[in-house]
Amino acid sequence: MSTTELAAEPASPTPVVQGLALGGIGGALAAVVLIGGLDLWTVNWPRNPLWRTISEYALGPLRPVFDTGVALLSLGSAAVLVALIARRLAKPWSGGSIALALWSIGLMMVVVFPKHDWQIGPSWNGYVHQFGSLMAFIALPIAAIRLSKPWRADAEWGNWGRWTARLGWLSVAWFAILPASMIYAKFSTLAWWQVVPLGLVERGLTLTEVLVVLVLAAWCRRAVRRGAQPQPVTGEPLPSTMA
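Cut-offs used in this document
Residues numbered from 1 in each chain as written. Predicted model: local features only at pLDDT ≥ 70, side-chain atom pairs only at ≥ 80, totals over all residues. Heavy atoms only, no water. Helix = DSSP H or I, 4+ residues; strand = E, 2+ residues; numbered from the N terminus. Buried < 20%, exposed > 50% of the residue type's maximum accessible area, 1.4 Å probe, protein only. Salt bridge = Lys/Arg side-chain N within 4 Å of Asp/Glu carboxyl O. Core = buried A, V, L, I, M, F, W, Y, C linked by side-chain atoms within 4.5 Å. Contact = heavy atoms within 4.5 Å. Axes fitted to C-alpha atoms, helices over the stretch in contact; angles between N-to-C directions. Parallel < 35°, antiparallel > 145°, perpendicular 65-115°, else oblique. Left-handed = near helix turned anticlockwise from the far one by under 90°. Nonpolar A, V, L, I, M, F, W, Y, C, P; charged D, E, K, R; others polar.

Colleague: Can you lay out the environment of Leu-211 for me, pointing to particular residues and giving the numbers?
Modeller: Inspection of the secondary structure puts Leu-211 in helix α8 (residues 198–226). For Leu-211, a relative accessible area of 36% corresponds to the partly exposed category. For the pair Leu-211 and Leu-29, spaced 182 residues apart in sequence, the C-alpha to C-alpha distance is 9.4 Å.

Now the structure itself:
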């Protein structure tokens with residue numbers, strides 16, 4: 001389908017896009033509240049949240065709260081993706097859109113497949129959990145950087161694009177700590193997960209990526225309120241529409 005044909009199509013109804021964006025905000029905030037609440041509840045456990053990974057909550061009686069938080073973040077992220085496409089801030093099959101979809105799918109894999117219980121030993125569902133987690137953590141920074149690229153130099157929407165990109169690169173920086181610790185561990189007597197506070201790094205990375213979802217959702221809401229969707233000034237043009 002050509003750009004002209006896309007531009008001729010009517011935009012999605014404003015209330016629908018607004019609702020999707022709000023759903024994304026609600027899902028992301030709910031995840032922060034639920035997971036943050038778990039951290040406060042367990043702060044005095046033998047291993048505090050600075051060293052304990054978030055997904056360890058999936059192995060005990062707190063699993064329903066953990067699963068609910070991650071599932072809401074996954075569904076909220078999917079709602080934001082649909083809103084971005086419906087508002088034509090993103091193309092359906094662009095690299096950024098695909099990466100955002102992979103983030104959402106990866107999060108749901110974390111919910112469906114619990115991590116290894118090392119008191120028992122490794123399991124196939126634990127490997128799927130690891131794959132989903134890795135896919136999500138890698139995909140979201142890519143989504144942020146790619147989705148923001150056409151808009152960073154735009155006079156009106158440049159700030160939204162630049163903040164999205166900054167958070168994407170900050171996520172990359174958080175994630176880079178993990179392979180760096182693995183390399184360091186090769187030359188030390190420590191295991192790689194003992195080199196840095198793994199829980200702190202994971203929480204910093206997760207919170208940064210949640211902020212990406214919130215910024216994308218707020219950006220979409222702002223575009224709806226403005227009525228007209230402008231053309232990006234860099235990259236491949238997206239079709240403009242009116243609400």
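Colleague: How would you explain the pattern of salt bridges if you had to name every residue and give the values?
Modeller: Enumeration over the complete set of coordinates arrives at 2 salt bridges. Where Asp-39 meets Arg-203, a salt bridge forms, and the shortest distance between an N and an O atom there is 2.8 Å. Here Arg-203 lies in helix α8 and Asp-39 lies in helix α2 (residues 14–41), a separation of 164 residues in the sequence. For the pair Asp-39 and Arg-203, one class covers both residues: buried. Close ionic contact of Asp-67 with Arg-63 constitutes a salt bridge, the shortest N to O distance being 2.9 Å. Note that Asp-67 and Arg-63 are positioned in helix α3 (residues 63–86) at a spacing of 4 residues, about one turn of the helix. Judged by relative accessible area, which is 26%, Arg-63 ranks as partly exposed.

Colleague: Describe in detail the nonpolar core, supporting the description with residues and values.
Modeller: Among the nonpolar cores identified, the biggest contains 48 residues, and Phe-66, Leu-84, Leu-100, Trp-103 and Leu-216 are the most heavily contacted of them. Sorting the residues of this core by element identifies α2, α3, α4 (95–112), α5 (124–148) and α8 as the ones contributing at least two each. For this core, the element with the most residues is α8, which contributes 11 residues. Residues within four places of Trp-103 in sequence aside, it is in contact with Leu-73, Ser-77, Ala-136, Ala-139, Leu-140, Glu-209 and Val-213.

Colleague: Please set out unusual backbone geometry residue by residue, giving values where relevant.
Modeller: Unlike most non-glycine residues, Arg-88 shows phi in positive territory, near 65°. Looking at the secondary structure, you find Arg-88 in the loop between α3 and α4.

Colleague: Could you give me a rundown of the packing of α2 against α3, with the residues and numbers involved?
Modeller: Interhelical geometry of α2 versus α3 gives an angle of 155° and a closest axis separation of 7 Å. The angle between α2 and α3 places the two elements in the roughly antiparallel class. Crossing of α2 against α3: the hand is left-handed. Between α2, through Val-17, Leu-20, Ala-21, Gly-23, Gly-24, Gly-27, Ala-28, Ala-30, Ala-31, Leu-34, Ile-35 and Leu-38, and α3, the contact on the second element is made entirely by Val-65, Phe-66, Thr-68, Gly-69, Leu-72, Leu-73, Gly-76, Ala-79, Val-80, Val-82, Ala-83 and Ala-86. When the residues that make up the contact of α2 with α3 are grouped by side-chain class, the tally is 18 nonpolar, 6 polar and no charged.

Everything listed here is a matter of geometry and, on its own, says nothing about what the molecule does.
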